[in-house]
Amino acid sequence: MKKNHGMMRVMIKRICRGLVLLAVIALVIPGAWPETSTFSARLTTLWDAPQGPGRSDDASRWLTRLRDLLSRPGAGCEDLELPELSLTKPARAFQIKVEHERFGDRSPIVYLQEPIAEFFIVVATDVNGCPWYSISGRGLPFAQRDIVSPFPYARLPPLPQGATITAIVQDYKAIRPWIMITDEASFVRENTVLWVGLGAYTGILLMMIVVALGFDAYAGSRVALAYAFYCAALQVWLVQNFGVGSAFVPFWPGPEYFPTLQAISVAGVVLGIGFAVIEFLQLRGRVRVAIGGFVLLSALCFLASAWHPAGYRAGAAVLSVLAVATIVLLVRGVFKGDTSLRLFTLGLGATMVGGGVQAFSVVGSGVEVGRLAAFAFPIGSLLQAAFWLAALIVRLRGEHRELHELEGQQAAIMWAMPDLILVIDRQGVCLDYKQPYATRFFVAGGELVGKNVAEVLPTETAGTILRGVEQALQRGELQSVFIDLPVDGGIHHYEARIAPNGPSKVVVVVRDITLQKRNEEKIRRLAYFDTLTGLPNRQSFLERLDRELLRARRTSSRIALLFLDLDGFKRINDTLGHSAGDCLLQTVADRLQERLRAGAFIARPALDESGLHFARLGGDEFTVVLPDVDTAEAACVVAQRIQELLGRAVLIGEQEIAVTSSIGIALFPDDGDDAATLLKHADTAMYYAKEQGRNNWQLYERTLTTRTTARLALEGDIRKGLERGEFRLFYQPQVRASDGTIVGVEALVRWQHPQQGLVSPALFIPVAEESGLIIPLGEWVLNAACSQVREWQQRGVSVPRVAVNVSARQLGAPDFLDTVAAIIVAAGVAADRLELELTESILMDPEAERIQGLFRLRAMGVHFSIDDFGTGYSSLSYIKRFPIGTLKIDQSFIHGLPQHADDAGITTAIISMARGLDLDVIAEGVETREQLDFLQRAQCPKLQGYLFSYPLPPDEMEALLRRGCISLSPEGARE
């Protein structure tokens, strides 16, 4: 419930005006009263017993004589008995001379203006010469006095001229008693004023306590609570110290409890001051502990004064140290301009000044002081309370203003929050409702406020919320529950955060997380599914495979892992473009998902999408897991079905493409007992299937690992061979078909292995291609070929063009073209002596920068030819974009000549096409006379093959070049 801060301010102003009025009354009444004849008595010390009369010889002798005088008076006088004084409590005796002319025959009144003595005994001799005495003080109940006064007093009989009186003060806390003499009328008036002042003092303190409570001291405001405690302790001290309780409260403890009550009240005031200091200054950490320790020590010392007077002095000493430390702490805040701390400092100074003035007036300075000095400490304490009240008001008004601003900010924030906020009790009744801004939730406020959530929400949803409410109240902790509700024809997801708000209520913040859920689903799909095909990806596949392997170990079942790779996919991608390749992958994935048996799967366990049987690991690689496979034959059947599905033609755009696959199969636990091993062995089996001619499946065998290991070893040997210079170049001539003249030479690399001898390129070139070693190997071949041309030329040999094979991987290197130019320049040969043989797949890469680089080399004189032409998917438009001068017909067409009509037709067509495009043609792999005759009839201009010469080392090739031609007659071939 919000507070009316305007009404609070009005109330504070009225209270402050009332305080000022009471203070004015308290100051005006004594001044307006008629002048009195009260004056301070002149004292002569008879004896002093700070440790008690029993330990002072002078005091003991004097008391003995006094008792004898009272017990044996003169004739006509009454026998009196001096009361027994405590022999251990401090006591002091004074002689007072009464001026007769001031009182005449009237009875003067002697009183002690400090309500601290346990007993105040006055002894005198009246005008008749008879002894007389009076006893008063805290040890004597007020009921035995004819005038109710907080001060110990004695109404003297008429005294003779020059009379003296004796006063004994016991338990005076080691300070000089201040004894006053007055007449009865003045004493009555002064007591009346005193009681009015005490009443005003009490009223002021009570109002200050009410003000503090109005600032929520009861609700936990520690500053207001500290102030209220201080005022209450000061009120208790006032009631006890001035005898208000003994005078007006019938059940007030008797005189024997006064020392204890006095000590408790003083200790309470000290605790109140210390508590207020700590909270007003907002002390924390070690400083708070130190100040709090001093306060507690001082209070304990004052409490101990009930049994020993030294405790009072020790408490005062500790309190003085505390006051100095507090002043030091306050200085910084005062100079910083904190108004509340300035007022607090003034209040603390007022009570210190008041206490000092009162102590100065009664410690025995011998200086005559005003009568109000005896009330300096109470007045200073009242001023302190007033200043502290002002400081409290300033402090708490500032805090309330900040709180009001904060509440406004929080209200604005809550209004702008897109969340539904509810207040619900333990039974589920909605007590309050905050509609989210610009957001439509599943229920309106009017439908829910005052009702049980079980009446409005679906049963399952209400049960979830009520369980969260109960858990939040039992554990005292924030709870979160998730609910789904239909909104606007769709399911929306909500998160309800339930925070305890007291013992039986909770605050529920409901947020619509539908969009978040959708985004999480998107992220999950991106993390665990292939974006192109929608199939589980490698991460999803490995997680599910691990899970399935764990289940298989428990049930002792078998699992088959199929690793599938599309045959010739790179060629399709390079020839028809990446979009065609993506379309092919999507078609393959769709076929496998629709047609593969339901027992095969790949999916992330948490997704619960067992309908997904297939996973794409990347590129054109896919995997299938077959759980609970009894035999290897069952896995082979699935592999066969996959190949049948993929064997059907795929229509991409206007072109129909047939795709095949190579599949490797690994079984658990036969071929591995973990996911990584199974995947590696299935991959090995897949590569073996490709080696076996593709479009087949192969089961993993341990010997395949040996083959793979041998392949890795071969890769290492190639690298070492390059470092050791183990590679050699052989040369095969190219002849003119009409007369056998050598018109060109092809450089062919061979490997002279130190253990295995001469290694065929068919063995190490594929490994070099896959490992990337073809780049440094190709660079070595270029260097060696150009160097050999220069060497032959230096020997006077007429050298035709030398052709060097360049792989697509070499040409894809960023610095390849620059390297070729640099090698030509470094070798010092004419660029037109070099011909680079490119694979047909290179034509499918229309990268402008690469084409420009080839034209720059062509401008230098370098020739280009297409090797193995007719086996790829190149078109005439691609050939025209490159600086191609020669086509080399693949030997697979030449081998079928002249018997196979298809080969003959393709060969004739290539020759005719080249002639029409003004391109040169070389037929590779000519091995028989029949092939030679056919090619001559088809007018193929150049030939190359074993029919004319095997690849020769440089020295033998040099001899052949010096001859210049090779005989084409049956007897002259391969001489």
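Structure: see above.
Residues numbered from 1 in each chain as written. Predicted model: local features only at pLDDT ≥ 70, side-chain atom pairs only at ≥ 80, totals over all residues. Heavy atoms only, no water.

Enquirer: Help me out: how do you make sense of the overall build of the chain in this one?
Expert: The secondary structure content of the chain amounts to 31 helices and 30 strands. Classification of the 975 residues of the chain by burial places 48% in the buried group. Surface accessibility of the chain: about 47,000 Å² in total, with carbon and sulfur atoms responsible for 56%. (Helix = DSSP H or I, 4+ residues; strand = E, 2+ residues; numbered from the N terminus. Buried < 20%, exposed > 50% of the residue type's maximum accessible area, 1.4 Å probe, protein only. Areas by Shrake-Rupley, 256 points an atom, 1.4 Å probe, with all protein chains shown as cover.)

Enquirer: Sorry if this is basic, but what is going on with the sheet that holds strand β17 (residues 621-627) here?
Expert: In a beta sheet, neighbouring strands are held together by backbone hydrogen bonds and run either parallel or antiparallel to one another. Reading across the sheet, the 5 strands line up as β16-β17-β15-β20-β21 and stay open at both edges, with mixed pairing between neighbours. In this open sheet, the two strands that pair with only one neighbour each are β16 (614-618) and β21 (697-699). Taking each pair of neighbouring strands and ignoring which way they run, the sheet shows an average axis angle of 25°. The sheet contact formed by strand β15 (residues 559-566) and strand β20 (residues 661-668) spans 8 bridges and is antiparallel. Across the sheet, Leu-566 pairs through a bridge with Ser-661, a residue of β20. Here helix α16 (residues 538-555) sits on the sheet in contact with β15, β16, β17 and β20, set at roughly 20° to β17. (Pairing = 2+ DSSP bridges. Axes fitted to C-alpha atoms, helices over the stretch in contact; angles between N-to-C directions. Contact = heavy atoms within 4.5 Å.)

Enquirer: For this particular structure, what's the right way to read the environment of Leu-343?
Expert: Tracing the backbone through its elements, the reader meets Leu-343 in helix α10 (residues 339-362). In the structure, Leu-343 is positioned 44 residues away from Phe-387 in sequence and 5.5 Å away in space, judged by C-alpha atoms. When near neighbours in sequence (up to four residues on either side) are disregarded, Leu-343 contacts Phe-387, Trp-388, Ala-390, Ala-391 and Val-394.

Enquirer: What exactly am I supposed to notice about empty space enclosed by the protein here?
Expert: Taking a probe equal in size to a water molecule and rolling it over the atoms shows the remaining empty space. Overall, the coordinates contain 5 cavities of 30 Å³ or more when judged by the stated rule. Considering only enclosed or pocket space, the second largest cavity measures out at about 70 Å³ in volume. Contributing elements (two or more residues each) for the lining of the second largest cavity: β23 (742-753), β25 (801-806) and β29 (920-923). (1 Å grid on protein atoms, 1.4 Å probe; cavity = no way out; pocket = protein on both sides within 12 Å on 5 of 7 lines; lining within 4 Å. Points joined across faces, edges and corners; volume = space filled by probe spheres on them.)

Enquirer: For this particular structure, what's the right way to read the packing of helix α23 (residues 774-794) against helix α25 (residues 816-827)?
Expert: A packed helix pair is summarised by two numbers, namely the angle formed by the two axes and the spacing between the axes. Where α23 meets α25, the closest approach of the two axes is 9 Å, and the angle between their N-to-C directions is 25°. Judged by the angle between their axes, α23 and α25 are roughly parallel. In this structure, α23 crosses over α25, and the sense of that crossing is right-handed. Along its contact with α23, which presents Glu-779, Leu-782, Asn-783, Cys-786, Ser-787 and Arg-790, the element α25 presents Phe-816, Thr-819, Val-820, Ile-823, Ala-826 and Ala-827. (Parallel < 35°, antiparallel > 145°, perpendicular 65-115°, else oblique. Left-handed = near helix turned anticlockwise from the far one by under 90°.)

Enquirer: Please explain the pattern of salt bridges as it appears in this structure.
Expert: Once their charged atoms are close, side chains differing in charge can pair, the charge on each being opposite to the other. Evaluation of the coordinates by the stated rule reveals 23 salt bridges. When the shortest N-O distance is used, the salt bridge between Asp-565 and Lys-690 registers 2.8 Å. Separated by 125 residues along the polypeptide, Asp-565 in strand β15 and Lys-690 in helix α20 (residues 675-691) bring together distant segments of the chain. Relative accessible area serves as the criterion here: at 8%, Asp-565 is assigned to the buried category. (Salt bridge = Lys/Arg side-chain N within 4 Å of Asp/Glu carboxyl O.)

Enquirer: Looking at this structure, how should I read the sheet that holds strand β12 (residues 479-487)?
Expert: Taken in spatial order, the 5 strands of this open sheet run β11-β10-β14-β13-β12, and their pairing is antiparallel. For this open sheet the edge positions go to β11 (430-434) and β12, each flanked by a neighbour on one side alone. Across the sheet, the mean angle from the axis of one strand to that of its neighbour is 25°, orientation sign disregarded. Sheet topology note: the β12/strand β13 (residues 490-500) ladder contains 9 bridges and is antiparallel. Its bridge partner being in β13, Asp-484 is matched across the sheet by His-493.

Enquirer: Is there a simple way to think about α23 in this case?
Expert: An α-helix turns once every 3.6 residues. As a result, residues three or four positions apart point the same way. With 21 residues, α23 extends 30 Å from end C-alpha to end C-alpha; this agrees with the ideal 30 Å at 1.5 Å per step. Among all positions of α23, only Ile-774, Leu-777, Gly-778, Val-781, Leu-782, Ala-785, Cys-786, Gln-788, Val-789 and Trp-792 are buried. Down the axis of α23, the sector holding all buried residues measures 165°, keeping them to one side. Just downstream of α23 lies Gly-796, where phi reads positive at about 85°. (Expected span 1.5 Å × (residues − 1). Arc of directions from axis to C-beta.)

Enquirer: What am I meant to see in the pairing of strand β5 (residues 119-125) here?
Expert: Within a regular strand, the side chains alternate between the two sheet faces. The element β5 is largely enclosed, with a buried count of 6 among its 7 residues. As paired elements, β5 and strand β8 (residues 164-170) share 5 bridges and run antiparallel to each other. Its bridge partner being in β8, Ile-121 is matched across the sheet by Ile-168. When β5 meets strand β6 (residues 131-136), the two strands line up antiparallel, connected through 6 bridges. The residue of β6 that forms the bridge with Val-123 is Tyr-133.

Enquirer: Looking at this structure, I do not really get the pairing of β29. What am I missing?
Expert: Side chains of β29 alternate between two faces, with Asp-920 and Ile-922 and Val-921 and Ala-923 buried alike. Of the pairings in the sheet, the one linking strand β28 (residues 886-889) to β29 comprises 4 bridges and is parallel in character. Paired with Leu-887 across the bridge in β29 is Val-921. Alignment of β29 against strand β30 (residues 942-943), held across 2 bridges, turns out to be parallel. Across the sheet, residue Ala-923 finds its bridge partner in β30, namely Leu-943. Note that the unit made of β29, helix α30 (residues 929-937) and β30 has a crossover that is right-handed. (Right-handed = clockwise from strand over helix to strand, strands pointing away.)

Enquirer: So what exactly am I meant to see when it comes to a nonpolar patch on the surface here?
Expert: On the surface, Phe-229, Ile-264, Leu-271, Leu-296, Leu-300, Leu-303 and Trp-307 cluster together to form a nonpolar patch covering roughly 680 Å² of accessible area. Contributions of two or more residues to the nonpolar patch are made by α7 (258-280) and α8 (285-304). With 3 residues, the top contributor of residues to the nonpolar patch is α8. Looking at the secondary structure, you find Trp-307 in the loop between α8 and α9 (310-335). (Patch = residues over 30% accessible without salt bridge, like charges linked within 9 Å, V, L, I, M, F, W, Y side chains within 5 Å.)

Enquirer: Is there a simple way to think about the environment of Gly-870 in this case?
Expert: Within the secondary structure, Gly-870 sits in the loop between β27 (863-869) and α27 (876-881). For the pair Gly-870 and Leu-887, spaced 17 residues apart in the sequence, the C-alpha separation amounts to 9.3 Å. Once residues lying within four places of it in the same chain are set aside, the contact partners of Gly-870 are Glu-840 and Phe-893.

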